[in-house]
Amino acid sequence: MRQGIEPEAINTIVSEFGGKPELLVQILQAIVTRHGWVPEDAIRRLAFELNLSRADVYGVVNYYHDFRTEPPGKHIVKICQAEACQAMGSRALTAHAHESLGASFHETSDDVTLEPVYCLGNCACAPAIMIDNKTHGRVDASRFDSLVEGLRESG
Amino acid sequence: MAATKIYVPRETSAVSVGADEVAVAIAREAKKSGVRIELIRNGSWGASWLEPLVEVEVDGVRIAYANVTPDDVAGLFAAGLGGEHDKRLGPVNEIPYLINQDRWTFWRCGLTDPLSLEDFGLHQGFKALEKAFADGPQAILDAVTASGLRGRGGAGFPTGIKWQTVADTEGDQKYIACNADEGDSGTFSDRLLMEGDPLGLIESMAIAGFAVGASRGYIYLRSEYPLTHRILTRALELAREGGWLGEDILGSGFGFDIELHLGAGSYVCGEETAMLESLEGKKGIVRYKPPLPAHEGLFGKPTVVNNVVTLASVPNIVNLGGERYAGMGVNRSKGTLAFQLAGNIRRGGLVEKAFGVTVRELIDEYGGGTASGRPIKAVQIGGPLGAYLPAEQLDTPLDYEAFTEIGAMIGHGGIVVFDDTADMAQQARFAMEFCAIESCGKCTPCRIGSTRGVEVIDKMVAGDSRDENYDLLVELCDTMEDASLCAMGGMTPYPVRSVLKHFAEDFASSGGKQ
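Remember, predicted model here, so these are calculated numbers, not experimental data.

Once that is clear, we can look at the overall build of chain A. Assigned secondary structure in chain A consists of seven helices and five strands. For chain A, the succession of helices and strands along the chain, N to C, is α-α-α-α-β-α-α-β-β-β-β-α. In chain A, which comprises 155 residues, the proportion classed as buried is 40%. Counting only contacts in chain A whose residues sit at least 6 apart along the sequence, the fraction spanning at least 24 positions is 62%.

Turning to the domain arrangement of chain B, a few remarks are in order. All names here are of chain B. Segmenting chain B into domains produces domain 1 (4-99), domain 2 (117-325), domain 3 (328-419) and domain 4 (424-509). Of note, the centres of domain 2 and domain 4, computed from C-alpha atoms alone, are 35 Å apart. Among the residues making up the side of domain 2 that touches domain 4, the classes are represented as five nonpolar, two polar and one charged.

Soluble, globular proteins show a tendency: their nonpolar side chains are buried together. All names here are of chain B. Formed by 209 residues in total, the largest nonpolar core has its most connected members in Ala 177, Ile 202, Ile 207, Val 379 and Ile 415. It is helix α10 (residues 198-212) that provides the largest number of residues to this core, a total of 10 residues. Residues in contact with Ile 202, not counting those within four places in the same chain, are Ala 235, Leu 236, Ala 239, Trp 244, Leu 245 and Ile 258.

Turning our eyes to something else, we now look at the interface of chain B and chain A. Think of interface size as the accessible area that goes away when the parts come together; that is how it is often given. Across the boundary between the two partners, chain B contributes 46 residues, which contact 37 residues of chain A. Elements with a contribution of two residues or more to the side of chain B that touches chain A: α1 (12-16), β8 (257-262), β12 (336-343) and β16 (414-419) of chain B. For the side of chain B that touches chain A, the residue count by class is 16 nonpolar, 23 polar and seven charged.

On to the domain arrangement of chain A, then. Domains assigned within chain A are domain 1 (7-63) and domain 2 (75-154). Spacing between the C-alpha centres of domain 1 of chain A and domain 2 of chain A amounts to 29 Å.

A word on the sheet that holds strand β5 (residues 134-136) of chain A. Residues and elements named next belong to chain A. With mixed pairing, five strands are arranged side by side in an open sheet as β2-β3-β1-β4-β5. With partners counted over all chains shown, the strands left at the sheet margins are β2 (107-109) and β5, one partner each. Averaged over all pairs of adjacent strands, the angle between their axes in this sheet comes to 25°, without regard to strand direction. Pairing between strand β1 (residues 75-80) and strand β4 (residues 129-131): three bridges, direction antiparallel. Note on β4: the bridge partner recorded for Ile 79 is Ile 129. Against the sheet, helix α6 (residues 90-101) contacts β1, β2 and β3 (112-117), and its axis sits at roughly 155° relative to β1.

Turning next to the packing of helix α7 (residues 137-147) of chain B against α10 of chain B. All names here are of chain B. Viewed as axis vectors pointing N to C, α7 and α10 meet at an angle of 115°, and their least axial separation amounts to 8 Å. One way to sum up the angle between α7 and α10 is to call them roughly perpendicular. The chirality of how α7 crosses α10 is left-handed. Along the contact surface, α7 presents Pro 137, Ile 140 and Leu 141, while α10 presents Ile 207, Phe 210 and Ala 211. Of the residues contributing to the contact of α7 with α10, the split by class is six nonpolar, no polar and no charged.

So, how was this worked out
- Residues numbered from 1 in each chain as written.
- Chains lettered and ligands numbered in written order.
- Predicted model: local features only at pLDDT ≥ 70, side-chain atom pairs only at ≥ 80, totals over all residues.
- Helix = DSSP H or I, 4+ residues; strand = E, 2+ residues; numbered from the N terminus.
- Buried ≥ 20, exposed ≤ 12 C-beta atoms within 10 Å, placed from the backbone.
- Contact = placed C-beta atoms within 7 Å.
- Domains from an automatic or database assignment.
- Nonpolar A, V, L, I, M, F, W, Y, C, P; charged D, E, K, R; others polar.
- Core = buried A, V, L, I, M, F, W, Y, C linked by C-beta atoms within 7 Å.
- Pairing = 2+ DSSP bridges.
- Axes fitted to C-alpha atoms, helices over the stretch in contact; angles between N-to-C directions.
- Parallel < 35°, antiparallel > 145°, perpendicular 65-115°, else oblique.
- Left-handed = near helix turned anticlockwise from the far one by under 90°.

Next up, the structure:
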């Protein structure tokens, strides 16, 4: 699961963005969207292709929360940790998620990676979670369980 | 017989509670029962607590049904579309929550199909841009200045002065950078606008570009809004296809186009200079000011950086005149703000009202009190850097200066309600913890101070030299406030101080780290 990305795949993405170093954040977003994470060899490749130092690219990768440097599980479950969700029981929901998934934040269990997120903009339908880029609102423990159950069934 | 129009919002909150599944069920039921319908995926009206809010048009009146589930759909058809049903609210334009607002900026949200150029055109779409071309740039700058509009992202800087500065600054290239990095908890007005009226935002940015002489615009959208990204991407395509973006728009000689950029999960990138760094492909590290972005912004060029709602307030200012906008509101807080009722509230959603309304009016009359039915303990206004107000401060009118006087801020207008079960010591701790997680690291008070803040609060909660640590925490707040480079470190003390002032007893009774 720790395989890198084919150099050609990186080159394709870089050329889609016109090889512009000022689009590095957008290029990395595209890599994460398609590949799930940013492997070490991608950092080298990007530095070469964009004529940036490896330190420049590494700095950007390291700065943003979205740019994972470890491969995630097949599914990513994010639980909002911000205030509006806290006011509606997100702390208890988070504790429930840790227990039911058997994973702390940034851990993967049974192909599900659990991550914190700080606001999904769904604050009037709190608590909110995001599963594989889809936001779900009014999530209590039983709804959480059935959403995760749905992931298992879909494979 | 014409097809019956049925509206199901495509907006994130509605979809997060099942709107897509309801839309599928409606299409299926229509096919099964042989009823001709036209399914329209509109924006949300912002009455989030009613979502999914389905509307059926009968004789030109849109009948609303609240909290519809796929299981309700067969019943809606059986009752005859528009007919009696447990979830029927009546005409959408008679819902008190919606009609008692001052909808200046959000008036198209919910009303229209956000991805229809035709519908946009039927609702004054691009009229303001055409008027701008007719009136000329200075007339637009004057109207915005006369409106008293201030930046809705939180800082409240007068928009007219910012635009005039960029217009007056020499530059071979100027930019409009729309800040859509809406990271404050309790806020979703930018998202609601972009999903409900994306073409309106595009028009607004083109007007700004025309007024200041900028040919390129950027929208910096946070990555936590993937659905918004899809809607905006499509809206930009539509605008280009319709000739509303590109070279020589409407034969005016003015050319303008917009690039949509995604953030990557960094709260500080909502700070304008960090956002510019990120737009340049770099780490979102805050810049020193001066130079102001209006003089040296994106790629060193004169740049208007405005929040989504600020920009979207402009077309009606152009159409109806700046004085009309300035006629609403109080003191130096002119016009309207899209308040967002969130957290533990019965009727959460967006309420666009003229400034001057009190927090209590919004929470009681619109919000209907807490969702849990328990008493309110605290209300956080203005996101994670905003103060927690105790119940006795809720009669404060929403006015930038009135909030400054009580050590609070309105920010982006998010109002997050907590009931009496909240542990305020933990909320103070979270403020410091969030700052530690999100600090860009450039300045020491923010980078180090936030981590020390968490430690000090943990000691207070544990009962370790509570009085000495109280003093230490106050001193730490002073240092962060006085010496941080931007609002991240400089305002994290606001929520902490408000807890120290109003809820100090919670440090003794706190359940500790959760």
